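Structural characterization, general
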Amino acid sequence: MLTFSAVVLGTLIWMENIVSLSPARGCEAPKVIPQPSQESIHPYQVVNRYPHDKQAFTQGLVFKEGDLYESTGLYGHSSLRKVELGTGRVLALRRLDPQVFGEGLTMAKGRLMQLTWQAEKALIYRPNSLQPTGKFRYHGEGWGLTTIGDQLVMSNGTNVLVWRNPDTFAIEKSRRVRVRERPLQGLNELEYVKGKILANVWPGDCIAEIDPQSGQVTGWLDLNGLYPVASRRDDADVLNGIAYDPENDYLYVTGKHWPYLYQLAVDWEMD
């Protein structure tokens, strides 16, 4: 049995009836609500810490057959890359147009799909070679992207998640994400794990666990202590990037300009 570390809780900030996260704070339910937290707080253990390219402004992460696929952002520095897990070595690299800012990433129907922030394009590639094969257009900003069954789920930095058709990118439905009755803004990188959607919440080092049917936040993974702010390089930004290995039940996380990628064992059943 694993001995799981305790999770240090912080406080959500409430402003104008909207939940937002401060970078130095965690994932506890607001103190303005008197009853105990209704959401699960998931303990975790760090299994491994691997090297990660500290020049990578991570925006999306996908685990597939032992390798990581990563989308990086910033104008003039955005890329799609295939990364060796244990070493952080870049096995394949596709640079984006300097006028494009890379965002969320997922694998759907054997293809990699990469969002762009404001270019309103979803870029499609072959895995391994990272050869471009097409693109979709959409309206508005792109932040996070994941796959549930035969549908894509996309975030745009608000509290709304949108389900899209992987063949046409057409919108099929949407969900408003709430902590109890209040909207949770800043939904960013997404990953589907054990029937729930995990979302990095910007700006901060917190992951929300979301019920895809109701849009309710059902749990939190507070990673504020994983790479403490006091220990970070000057250019290191917040946690971003979630990938899941379903065969071994490990979660992989990193951040923007972080020098490490963390392999986590999470107790998903612990309340």
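Residues numbered from 1 in each chain as written. Predicted model: local features only at pLDDT ≥ 70, side-chain atom pairs only at ≥ 80, totals over all residues. Heavy atoms only, no water.

With that settled, consider empty space enclosed by the protein. This model, assessed by the stated rule, comprises one cavity of 30 Å³ or more. Empty space within the largest cavity amounts to approximately 40 Å³. In this structure, the largest cavity is lined by P51, H52, L61, L68, E70, V83, E84, L85 and L261. Residue composition of the lining of the largest cavity, grouped by class: six nonpolar, one polar and two charged. (1 Å grid on protein atoms, 1.4 Å probe; cavity = no way out; pocket = protein on both sides within 12 Å on 5 of 7 lines; lining within 4 Å. Points joined across faces, edges and corners; volume = space filled by probe spheres on them. Nonpolar A, V, L, I, M, F, W, Y, C, P; charged D, E, K, R; others polar.)

Moving on, we come to the sheet that holds strand β7 (residues 79–84). Sheet strands line up and pair through hydrogen bonds in the backbone, either parallel or antiparallel. With respect to topology, four strands assemble into an open sheet ordered β5-β6-β7-β8, the strand pairing being antiparallel. Pairing within the sheet leaves two strands with one partner each, and these edge strands are β5 (58–64) and β8 (90–95). Recorded for the sheet is a direction-independent mean angle of 15° between the axes of neighbouring strands. Alignment of strand β6 (residues 67–72) against β7, held across six bridges, turns out to be antiparallel. Pairing of Y69 across the sheet is with K82, part of β7. (Pairing = 2+ DSSP bridges. Helix = DSSP H or I, 4+ residues; strand = E, 2+ residues; numbered from the N terminus. Axes fitted to C-alpha atoms, helices over the stretch in contact; angles between N-to-C directions.)

This paragraph deals with the environment of G157. Counting through the fold element by element, G157 comes out in the loop between β14 (151–155) and β15 (160–164). Along the sequence, G157 and E141 sit 16 residues apart, while their C-alpha atoms lie 7.9 Å from each other. Setting aside chain neighbours within four positions, we find G157 in contact with W143, Q185, G186 and L187. (Contact = heavy atoms within 4.5 Å.)

In this section: the environment of V100. Structurally, V100 can be placed in the loop between β8 and β9 (102–108). Each C-alpha atom of the pair V100 and G73 lies 8.4 Å from the other, and the pair is 27 residues apart in sequence. Ignoring any residue separated from it by four or fewer positions in sequence, one finds V100 in contact with L74, Y75, S78, T116, A119 and K121.

What the four strands build is an open sheet, ordered β13-β14-β15-β16; its pairing is antiparallel. The sheet is open, and its two borders are formed by β13 (145–148) and β16 (171–176), each paired with just one other strand. Shown here is a sheet whose adjacent strand axes are inclined to one another by a mean of 25°, direction ignored. Note that β15 and β16 share five bridges and pair antiparallel. In the strand pairing of β16, V160 is matched with R176.

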